[in-house]
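What the coordinates show
Below, each chain spelled out in residue letters.
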Amino acid sequence: MEKSGKIQTESDVHQLLNTALEHEWAVSFEYTIHAYSMPKAKFFYEDPIMNLRTDVRAQTIQIGIDEMYHALQLGIIITQMGGVPSFRTDEIVRYPRLVDNLKRDKMTEDMVTELYQSAQWAEGAFPKIQNMVLNISYDEVRHSQQFEVMIRTMEKEGASEARCFEESPEAAAREEVQLLHDIMRMENELMHRYLRYVILFSEHQDLSQRLFKNSIDHMRHWDKNSGLLIKLGSVIRIENAVRDEAGAEKSTSPMPSVYPGHDRISALETLIPAEKELISAYEKLLRLLPPGEIRDQVNLHLGLNKEHLFTQEWLLKNARKIKGLG
């Protein structure tokens, strides 16, 4: 991770925040993928902050959500300062053993904490941003402490060799499983495309909040679908990952880094065909699934995506009615 030096100018701030942003995008993915690769409610630890017996998987997901909010916060500030927020990511990794993933999670928390806390701010320069950076850094301190206890507890309780879920050959051959993986890719792209527009239109409270709601819906679908994959004998994939000889999967592009649309009209125009494509994929998946819990969950996702389409069509129609709307 590139270290920051003296923070004196807006350009220095943009560089620091974009370096942090690329990390935050990466770990918001990495932590949730690590969590979705382990069983629910099997491994517990005594959380050092909350003083509660806590599910390792559930808390790892929550930390990933914290990082997504950090990314959104950083992107909005960069945009408000006239900069361009990056949608590139640091490398993300999934090791075969759960504890190795948790060790990596702790390491990345310590790295970004150092990035935030080692920045040397010129006296009186950007005090509000300096305060924000310090506040985020102590979220990372908390996360590191939580990961440390997770690791120590799993090792103490003999779970050092526990491994991530793997896709069975039977699941890999099933059309509905592969289609669900395609849907996961589309949900991932749309979740981050909406977030990109939330950042782009952050000064327009009405539009940004409507887009943020849809982004959160796609994130929830991504979460629920990861559980459906487990039930179908598969596991969430890391996009564009390469597996090394030791079985570790690594990717430097787990999500798109470029999204279409540069103003309100062109951005809204891109979302309608994307939602339609996703709806079509869900409808095809429904035809492949027998009645039951999995089909019912997929049908719920389909219904919400139809709601998104309705909203996006009217947002675009309304925007086109008003001259001079940026």
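Preceding this paragraph is the structure being described.
Residues numbered from 1 in each chain as written. Predicted model: local features only at pLDDT ≥ 70, side-chain atom pairs only at ≥ 80, totals over all residues. Heavy atoms only, no water.

Side note on a nonpolar patch on the surface
For clarity, the threshold we go by: Each patch groups residues whose relative accessible area exceeds 30% and which form no salt bridge, using 9 Å between like charges and 5 Å between nonpolar side chains of Val, Leu, Ile, Met, Phe, Trp and Tyr. Note on areas: Shrake-Rupley with a 1.4 Å probe; residue coverage comes only from the protein chains shown. Note on definitions: salt bridges are taken to be side-chain nitrogens of Lys or Arg within 4 Å of carboxyl oxygens of Asp or Glu. Runs of H or I in DSSP of at least four residues are treated as helices and runs of E of at least two as strands, each being numbered from the N terminus. Exposure is judged per residue with a 1.4 Å probe applied to protein chains only, and the accessible area is read against the type maximum: over 50% gives exposed, under 20% gives buried, and values in between give partly exposed.
Taken together, the side chains of Ile49, Met50 and Leu52 define a hydrophobic patch exposed on the protein surface, amounting to about 260 Å² of accessible area. With respect to the helices, strands and loops of the structure, Leu52 is situated in the loop between β2 (44–46) and β3 (53–55). When its relative accessible area of 48% is taken as the criterion, Leu52 is described as partly exposed.

Focus: the pattern of salt bridges
A side chain with one charge can pair with a side chain of the opposite charge if their charged atoms come near. Considering all chains together, one arrives at 20 salt bridges under this definition. Of the charged contacts in the structure, one is a salt bridge between Arg88 and Glu22, with a shortest N-O distance of 3.1 Å. Of the two residues, Arg88 is situated in the loop between α2 (56–80) and β4 (92–94) and Glu22 in helix α1 (residues 10–36); the sequence distance between them amounts to 66 residues. Glu293 is paired through a salt bridge with Lys231; the nearest N and O atoms lie 2.7 Å apart. Pair noted here: Glu293 is in helix α9 (residues 293–321) and Lys231 is in helix α7 (residues 205–231), with a separation of 62 residues, a long-range link. Where salt bridges share partners, they join Lys213, Asp217, Arg220 and Glu307 into one cluster.

Considerations on the sheet that holds strand β6 (residues 242–243)
Rules: Between any two strands, pairing holds if DSSP finds at least two bridges.
Taken in spatial order, the 3 strands line up as β4-β7-β6 in an open sheet, and their pairing is antiparallel. One side of each edge strand has no neighbouring strand; the edge strands of this open sheet are β4 and β6. Note that β6 and strand β7 (residues 249–251) share 2 bridges and pair antiparallel. Each residue of the ladder has a partner; that of Arg243, found in β7, is Glu249.

Topic: the side chain of Asp66
The criterion, for reference: Two residues form a contact once any of their heavy atoms are found within 4.5 Å.
Summarising the element assignment, Asp66 is placed in helix α2. Ignoring sequence-local partners within four residues, the contact set of Asp66 consists of Arg142 and His143.

Here we look at the environment of Trp25
Selection criterion: We define a polar contact as two N or O atoms separated by no more than 3.5 Å, with the added condition that, inside protein, one atom must be a possible hydrogen donor and the other a possible acceptor, whereas residues neighbouring each other in sequence contribute only through side-chain atom pairs.
As for its placement among the helices and strands, Trp25 is situated in helix α1. Given the relative accessible area of 0%, Trp25 is considered buried. With 158 residues separating them in the primary sequence, Trp25 and Ile183 have C-alpha atoms 20 Å apart. With residues near it in sequence (within four places) discarded, Trp25 still touches Ala71, Ser86, Phe87, Arg88, Thr89, His192, Leu195, Ile199 and Met255. At 2.9 Å, the side chain of Trp25 forms a polar contact with the backbone oxygen of Ser86.

With respect to the packing of α1 against α7
Using the following cut-off: Orientation is described by axes fitted as lines to C-alpha atoms, over the contacting stretch for helices, and by angles from 0 to 180 degrees between their N-to-C directions. Throughout, the term roughly parallel applies to angles under 35 degrees, roughly antiparallel to angles over 145, roughly perpendicular to angles from 65 to 115, and oblique to all others. Note on convention: the crossing is left-handed when the near helix lies turned anticlockwise from the far helix by less than a right angle, right-handed when the turn is clockwise.
Interaxial distance between α1 and α7 falls to 10 Å at its minimum, and their mutual angle equals 30°. The angle between the axes of α1 and α7 places the two elements in the roughly parallel class. The interaxial crossing formed by α1 with α7 has right-handed handedness. Counted together, Phe29, Thr32, Ile33 and Tyr36 of α1 and Trp222, Asp223, Ser226 and Ile230 of α7 form the full contact between these two elements.

Some remarks on α7
Applicable threshold: One less than the number of residues in a helix, times 1.5 Å, gives the span that helix is expected to have.
Taking 1.5 Å per residue as the helical rise, α7 with its 27 residues ought to reach 39 Å, and the 39 Å between its terminal C-alpha atoms agrees with that figure. The positive-phi residue at the C-terminal boundary of α7 is Gly233, with phi of around 90°.

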